[in-house]
Structure formats: structure tokens, C-alpha cells
Amino acid sequence: MTDHNRSDKAQEIFKRKGRPKNPIKFKIQLNPEQKEAKNSILHNTVTVLKGKAGSGKSLLAAHTALDLLFTKEIEKIIITRPTVVAGQDIGFLPGGIDDKLAPFTAPIYENMHRLYDKEKIEKCVADGQIEIVPIAFMRGRNFTDCLVVVDEAQNLTDNQTELILTRICNGSKVIFCGDSAQIDLKTKKESGFDFMCKHMVGIASFEVISLMKNHRHKIVEPILEVYKSFRNWQYL
């Protein structure tokens, strides 16, 4: 993130504390495709990471977010995702907000723990440097000097997508991670993901990137191809 994109507050903190002298050592290294995508994230304000299941979208977003936090390029990581599972919403789950969000935030935390020391990540959460914000609580928030990671973005409606995009303030970036083949909304047309990917690409500092490499077991890729072919046949 270049200096001119920082708020005055972030600039002051940066000058006072400075960057770590050496690169952050993560437990998992990015492959060439991911490195190229990360470079694009660093040079844009909004980046959409598209890709089928297992393409490493969320891991890349977590890697980039932690790197920017640990190198003091940002003050905070904001994590959000739609609370939608097969057409149901957060109200169907028991407990308070933290209990309701736990199943949805677990995959994000797991990626962070895979990348870096678990105790360090948990301290960042306790100190408020990593914050979970439900979509329902986005209204009225302003995101300054932070990186917002939006996981499972294909389950956002148009209105929710617009809501997140209009929270961006100075010194911030947003990463959307999504896959149109994994929409869990009751009506797939409600998703705002494809609209965003199609119509926002002409905006300066807005980038859409497709990740192609499979990072799960090799059997996942042919399984996905079978389902893709079946769905295409259904719509013929």
C-alpha cells in the first residue's frame, strides 16, 4: 500500500514504529499464481478472487491480510461473510452472536492458524486487530486503515455487496472471495456476485482475478467437473 493512500493517523503510527526489517515468515508459501494475485491485491483498492472450491481464495486473502497487518501497512483486519447455509440464515442457529458466528468464522481462523502461530493470531483477535463483523452490523461502519476480507461473497445480495463497497475509507482495501457455483441463497438470482464481477471491472483500482490451481486432493477437480457438466446439461 503506497504512502499517499494512508490516513494521517496511519502515517503517524507507521513512522513511529516502522516496518519489520525482514519479510514475514509464513508456514505456507504462495505458489506463482497466488503471488501474482497478491501483487494485484497490493496495487488495487478492491480485489475479487474468483475460483472453484479448493482454489485457495480464502487462504490467499488471509495471507495478504496478515502480511499487511504484521508489516504495519494496516491497523486492523475486518472479516465478514454472509451467514447463509443452504438457504437458511443466522437466526436458525442457537446462542448469542459469538455462538451463531462460530461455524462461519471457523474456516477463516483455520486458514490463519495454518499460516502463522496460533497464539499470535489469538492475541490479535483479543487486541481487536482482527475483528469479525456480521453483514447485518455493517450499516453505519466506516473502514479506515484496514483490510476487509469478505468470504463466501457469492452469498451476498446486491444490496449487501453495495453496502460493503460503500464502507471503504482512506487507507483501506477489500478482498471478496467467491464462486458462482457455490451460491446457497434460496434464489440464485439474488446473488450480487456476478453483477459485481461483470460491471465493476471498468472502475480504477478494482480488479477481478480468477484462481485456477486446485489446492485440495486431486480427486476434487474431476468431481467438480462432473457436477459442472451435469448442471450445464440441466440448463440446455
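Worth saying up front: this structure is predicted, and the values here are computed from it rather than measured. (Residues numbered from 1 in each chain as written. Predicted model: local features only at pLDDT ≥ 70, side-chain atom pairs only at ≥ 80, totals over all residues. Heavy atoms only, no water.)

A.B. asks: So, the side chain of Asp151: which residues are in play, and what are the values?
C.D. replies: Here Asp151 is to be found in the loop between strand E4 (146-150) and helix H6 (158-165). A relative accessible area of 5% means that Asp151 is categorised as buried. Contact partners of Asp151, with chain neighbours within four places excluded, come to Ser58, Thr80, Arg81, Pro82, Ile108 and Cys177. (Helix = DSSP H or I, 4+ residues; strand = E, 2+ residues; numbered from the N terminus. Buried < 20%, exposed > 50% of the residue type's maximum accessible area, 1.4 Å probe, protein only. Contact = heavy atoms within 4.5 Å.)

A.B. asks: Which residues make up the environment of Asp117, and what values do they have?
C.D. replies: Relative to the elements of secondary structure, Asp117 occurs in the loop between helix H4 (97-115) and helix H5 (118-126). Residue classification places Asp117 among the partly exposed residues on the basis of a relative accessible area of 42%. Sequence separation between Asp117 and Phe26 is 91 residues, and the spatial gap between their C-alpha atoms is 8.7 Å. Polar side-chain contacts of Asp117 include one of 3.0 Å to the backbone nitrogen of Lys120. (Polar contact = N/O pair within 3.5 Å; in protein donor to acceptor, adjacent residues only side chain to side chain.)

A.B. asks: Explain the pairing of E4 to me, using residue names and the numbers behind them.
C.D. replies: With five of its five residues buried, E4 lies for the most part within the structure. Across the two faces of E4 the burial is the same, with Cys146, Val148 and Val150 and Leu147 and Val149 all buried. Inspection of the sheet shows strand E2 (residues 76-80) paired to E4 by five bridges, in the parallel sense. Considered in E4, the bridge of Lys76 is made with Cys146. For E4 and strand E5 (residues 173-178), the ladder comprises four bridges, and the chain directions are parallel. For Val149, the partnering residue across the bridge sits in E5 and is Ile175. Between the parallel elements E4 and E5, the chain passes through H6 in a crossover that is right-handed. (Pairing = 2+ DSSP bridges. Right-handed = clockwise from strand over helix to strand, strands pointing away.)

A.B. asks: Could you give an account of the nonpolar core, with specific residues and numbers?
C.D. replies: Residues Leu66, Ile77, Met112 and Ile130 are the most contacted members of the largest nonpolar core, which totals 30 residues. Elements with a contribution of two residues or more to this core: helix H2 (32-42), helix H3 (57-70), E2, H4, H5, E4 and E5. With nine residues, the top contributor of residues to this core is H3. By size, the runner-up hydrophobic cluster in this structure holds 21 residues, among which are Ala153, Leu156, Leu165 and Cys197. (Core = buried A, V, L, I, M, F, W, Y, C linked by side-chain atoms within 4.5 Å.)

A.B. asks: Provide a residue-level description of the sheet that holds E5, including the pertinent values.
C.D. replies: The six strands lie next to each other as E3-E2-E4-E5-E1-E6, forming an open sheet whose pairing is parallel. Strands with a single pairing partner mark the edges of an open sheet, and in this sheet they are strand E3 (130-132) and strand E6 (206-210). Averaged over all pairs of adjacent strands, the angle between strand axes in this sheet comes to 15°, irrespective of strand direction. Strands in contact with H2 are strand E1 (46-50), E5 and E6; relative to E6, the strand with the most contacts, it is inclined by about 170°. Across the sheet, H6 is in contact with E1, E2, E4, E5 and E6; its angle to E5 comes to roughly 155°. (Axes fitted to C-alpha atoms, helices over the stretch in contact; angles between N-to-C directions.)

Geometry only, nothing functional implied.
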